[in-house]
Amino acid sequence: MTKRLIAGTALALMAATAVSAQDGITITTYGGAFGEALNESLAKPFTAETGIPAMMVDNSDPPAKLKAEVEAGNVTGNVFDVEQSDVIRLCDEGLIEPIDPAMLAPGADGSTAEDDYLPQALHECATAIMVWATVIAYDVGAFDTAPAKVADFFDLENFPGKRGIIKRPKYALEFALLGDGVAPDEVYDVLSTPEGVDRAFAKLESIKDQVVWWEAGAQAPQLLADGEVAMTLAYNGRIFDAMVGEGKNFGFVWDGANLDMDYWVIPKGAPNMEAAQKFIAFASDPARQADLSKYIAYGPPRKSAAPSVGTYKDGTTEMAPYLPTTPENAESALVNDAGFWADHGTELTERFNAWLAG
């Protein structure tokens, strides 16, 4: 096992070195179904069109990898996929390069990038890749009546079985308040108070002994498939891939979905800067963003891309019902507040970890 791991690591390093030597780029993402979708919809077409090699690199924590490389003065990655709260933090710390909206593709209707991207999709140091959601996913065979509300997740009497929850305060705490009856547009106001934080933890405490905690996105659908949980928080794209791509008998609930975005960023001092910028410009094209939704159920962050979203790669499954950006799916959703987590993430993570250990 150790020899295989060492050999695999060596091969990955050799491949990355080879890409760099050819003035190519590495694209570091969270991997899984999303990484595969990015490879098919963006990385491969980018190489075919420009001749610039683009290699996908899977990592469980791309922001941490980026930060470590920049602070060590040994930046090897070119383009990274990070979440919105990480964008704010990394930009404030001077760890990522600015991105000029003028370099991005115009909208399908000829509009500028600034006018075409959704609110919060453009940042001085980043540009959104897609819109995704953390949702309730469940084993269809586990219940006589399907869950339909966030409150059902916390109702162990009518919906018995173990629950899966992401092992971090972000998403878990908001979800707890939604389950306790707080309206989506009031969640962050409540969570900004000591009483609100206590309330969120109390709600989680009510089911703590029935929770299986997960950390990597691939774990949530696997927990359902293995029968270890009956319901779990999960990334909607992972559950869609399991349902449609693998034929799993899962369902998911849009009530209380936590909408968020992932972003492209370039590390400060990254090698092959021009090639990295070309990739981000390529990936900003509305047609490319619509094509990404053919491979995974994440919505495009550009308004003019939405009409071009069609069917899944199987050619028959319409994607709109599965996208978090579809109006009826977003009706009772919570939009994640990256600024809140940039300000309060450290203290809430400390309390969350202490609560888990208690």
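Residues numbered from 1 in each chain as written. Predicted model: local features only at pLDDT ≥ 70, side-chain atom pairs only at ≥ 80, totals over all residues. Heavy atoms only, no water.

A word on the overall build of the protein chain. Along its length, the protein chain carries 15 helices and ten strands. For a compact globule of 358 residues, the expected C-alpha radius of gyration is about 21 Å, and the protein chain comes in at 20 Å, within 12% of that figure. By principal-axis analysis of the C-alpha atoms, the protein chain measures approximately 60 × 45 × 45 Å. When burial is assessed residue by residue, the protein chain has 52% of its 358 residues classed as buried. Residue pairs in contact within the protein chain that sit at least 24 positions apart in sequence constitute 75% of those at least 6 positions apart. Within the structure as shown, the protein chain displays about 15,400 Å² of accessible surface, and the carbon and sulfur contribution to it stands at 51%. Within the protein chain, one finds 25 positive and 53 negative side-chain charges whose respective centroids are separated by 6 Å. (Helix = DSSP H or I, 4+ residues; strand = E, 2+ residues; numbered from the N terminus. Rg over C-alpha atoms; globule rule 2.2 N^0.38 Å. Buried < 20%, exposed > 50% of the residue type's maximum accessible area, 1.4 Å probe, protein only. Contact = heavy atoms within 4.5 Å. Areas by Shrake-Rupley, 256 points an atom, 1.4 Å probe, with all protein chains shown as cover. Lys, Arg positive; Asp, Glu negative; His and termini not counted. Charge placed at Lys NZ, Arg CZ, Asp CG, Glu CD.)

Attention now moves to the domain arrangement of the protein chain. Often, the extent of an interface is quoted as the loss of accessible area upon association of its parts. We note that the domain assignment places domain 1 (2-131 + 261-322) and domain 2 (133-260 + 333-357) within the protein chain. On a C-alpha basis, the centres of domain 1 and domain 2 stand 26 Å from each other. Contact with domain 1, which involves 22 residues of that partner, is made by 21 residues of domain 2. Of the roughly 1,600 Å² buried where domain 1 meets domain 2, counting both sides, 56% is carbon and sulfur surface. (Domains from an automatic or database assignment. Buried area = accessible area lost by both parts, 1.4 Å probe.)

With that settled, the discussion passes to the state of the cysteines. Counting across every chain of the model gives one disulfide. Here cysteine 91 pairs with cysteine 125 through a disulfide, and the sulfurs are 2.0 Å apart. The sign of the 40° torsion about the S-S bond sets the cysteine 91-cysteine 125 disulfide as right-handed. Here cysteine 91, found in helix 4 (residues 84-92), pairs with cysteine 125, found in the loop between strand 4 (122-123) and strand 5 (126-139); they are 34 residues apart in sequence, far enough to count as distant. Overall, cysteine 91 belongs to the buried group, its relative accessible area being 14%. (Disulfide = S-S within 2.5 Å.)

This part takes up the pattern of salt bridges. All told, the structure shown has 16 salt bridges when counted by the stated rule. Among the salt bridges present, the one from lysine 67 reaches glutamate 93, with a minimum N-O distance of 2.9 Å. Within this pair, whereas lysine 67 is found in helix 3 (residues 62-72), its partner glutamate 93 is found in the loop between helix 4 and helix 5 (113-116), the two being separated by 26 residues in sequence. On the accessibility criterion, lysine 67 (24% relative accessible area) is partly exposed. Aspartate 180 serves as the salt-bridge partner of arginine 199, at 2.6 Å between the closest nitrogen and oxygen. Remark: aspartate 180 occurs in the loop between helix 7 (169-179) and helix 8 (187-191) and arginine 199 occurs in helix 9 (residues 194-205); sequence separation between them is 19 residues. Judged by its relative accessible area of 34%, arginine 199 falls in the partly exposed class. The partly exposed category is assigned to aspartate 180, whose relative accessible area is 30%. (Salt bridge = Lys/Arg side-chain N within 4 Å of Asp/Glu carboxyl O.)

With that settled, consider helix 11 (residues 236-245). Counting buried residues in helix 11 gives eight out of ten residues, a clear majority hidden from the surface. Among all positions in helix 11, only Asn236, Gly237, Arg238, Ile239, Phe240, Asp241, Ala242 and Met243 are buried. Looking at the buried positions of helix 11, the neighbouring elements they touch are helix 2 (32-50), strand 5, helix 10 (219-225), strand 8 (231-235) and strand 9 (250-265). Trailing helix 11 by a residue or two, glycine 247 shows a phi angle of about 75°, which is positive.

This part is about unusual backbone geometry. Unlike most non-glycine residues, glutamine 120 shows phi in positive territory, near 75°. Its identity is not glycine, yet asparagine 272 carries a phi of approximately 50°, on the positive side. By the element assignment, asparagine 272 lies in the loop between strand 9 and helix 12 (273-283).

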